[in-house]
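Residue-level structure breakdown
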Amino acid sequence: MKKLVIIYLLAAIYLNAQESSNNLTIYNGGFSVVKTNTNIKLYKGINNIVFKDFSEQIEANSLNLDIKAKQLEKSFININPDIMQLLRNYIDNDIKIANENSSIEGTLINIDNGIIIKTKDNKYVIINDINKYNIFLNDLLLDLNKKREFVFKVESNKESTEPAQFTYITNGLGWSTDYVAYIDKSSTKLNLEGWVNLRNNTGINFENTSIKLMAGEIQKNREYAANALMSKTMNKSISDEQNVEANSFSDMYSYNYPNKINLQKNEFKQLPLISKQGINIINKYYYYSNNFNSESNINIAIEINNSEKNGLGIPIPQGNIRIFKQDGDTYELIGNNTINQTAKDEILRIQTGSSFDLIGKSELLETTKISDKSYIYIREITLKNKKNEDVNINVVAYLGRGFEIINSDEKYTTENSDKINLDIKVAKNSEKKFKIKYKLNF
């Protein structure tokens, strides 16, 4: 937990962890907004408020203080001393170093190859990482964990205790999502679990902290106003299935966790996001045909209608997904892919792999030049089915922007300006061929 130091003239008051709390708004762009809430006693006149132990990856110009007082100036001070040069002056003198677990006292012998101390019982101790210790030199305490500080000079017209909030942007703390899907034996339903991944690389601990996750892209630069994100956290309850409610916010979605968490520096933590059971799925085969000769196995995908009627109906953030399918009493991995950010009532498509027994082939049979900027093409597509059952294959044919269909052996629908879709049934142990004749203007 960060400490706040308030200086009145020559006095300093240290606020402990019980006197402050944190809110974290974490964006999936790898950065966060930190909000530290506390109460500060102001004296009438000029007060210097010192903020220490913030993130090592803070965007310094984003720090703001919200307090009922007139703010006169804000300063960033680098108080990082040259520790090794200072210690060199203390060779052959008494020294004491200490951390939370131990302390060592003795004579400083050398600092060139680690800190070497000769203890009072004539033993030698070598310290390779002095940054993990506090150093005492003739009653001088060098706290090596506090090397920088922000100082706010404020003016109060009375003596009072006021609520205050420090807000800043930091890198080194973002979030991502992992999903696990379990498909049943019939290949018609699945259970979906989602987990949020947090990794704290800010260099500080966050204890007793409220978490809000923001899904979506925002424009961010170094002049970003952090106080625009100072909305209060609105906690929602997690259901028995551990679903976190998504709230629409400024063309993005926020996910609020109801319980406060501890997030230590360098810690990786996972939090539950969603857990849904019995979701209906549709199994599909896709073949992608382009303007060149090629042959490949046909892609396997499952499609999910992201609707309340189908047991979902929630905004689903982008993330990695592992798909398992039931095989007897166990589940076996059949796919590992990523899913795109999917809005409510849209189709979530997950590609799980390619079929061993289904093959697609594209071949340009004929190219005719009409003019310098116009060509006619005839493309043949072959679909091979080695299975002992009939299958339907969705063919996505990329023809080129601004194409004109002259003739097609099969019915098609136009998806956009450069491709068409065809739904082709292929009988078991057989192959199906069809041609597309089209014109392109360049």
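Scroll up a little and you will see the structure.
Residues numbered from 1 in each chain as written. Predicted model: local features only at pLDDT ≥ 70, side-chain atom pairs only at ≥ 80, totals over all residues. Heavy atoms only, no water.

Concerning the overall build of the protein chain
A count of helical and extended segments in the protein chain gives 1 helix and 33 strands. Buried positions account for 42% of the 442 residues belonging to the protein chain. Of the roughly 23800 Å² that the protein chain leaves accessible, carbon and sulfur atoms contribute 43%. (Helix = DSSP H or I, 4+ residues; strand = E, 2+ residues; numbered from the N terminus. Buried < 20%, exposed > 50% of the residue type's maximum accessible area, 1.4 Å probe, protein only. Areas by Shrake-Rupley, 256 points an atom, 1.4 Å probe, with all protein chains shown as cover.)

Regarding the sheet that holds strand 28 (residues 374–385)
The 9 strands are arranged 30-33-28-27-24-23-29-32-31 in an open sheet whose pairing can be described as mixed. A strand with exactly one partner marks an edge of an open sheet, and here the two such strands are strand 30 (404–408) and strand 31 (413–416). Averaged over all adjacent pairs, the angle separating strand axes in this sheet is 35°, with direction ignored. As judged from the 4 bridges shared by strand 30 and strand 33 (residues 430–441), these two strands associate in the antiparallel manner. Among the inter-strand pairings, N407 is bridged to a residue of strand 33, identified as K437. (Pairing = 2+ DSSP bridges. Axes fitted to C-alpha atoms, helices over the stretch in contact; angles between N-to-C directions.)

A few points about the side chain of N385
Turning to its location among the elements, N385 is positioned in strand 28. In this structure the side chain of N385 is engaged in a polar contact, spanning 3.3 Å, whose partner is the backbone oxygen of V426. (Polar contact = N/O pair within 3.5 Å; in protein donor to acceptor, adjacent residues only side chain to side chain.)

A look at the sheet that holds strand 25 (residues 319–327)
Spatially, 5 strands are ordered 22-17-16-25-26 in an open sheet, and the strand pairing comes out mixed. The sheet is open, and its two edges are formed by strand 22 (268–280) and strand 26 (330–339), each paired on a single side. Each strand axis lies, on average, 20° off the axis of its neighbour in the sheet, ignoring direction. Across 9 bridges, strand 25 lies against strand 26 in antiparallel orientation. Paired with R322 across the bridge in strand 26 is N336.

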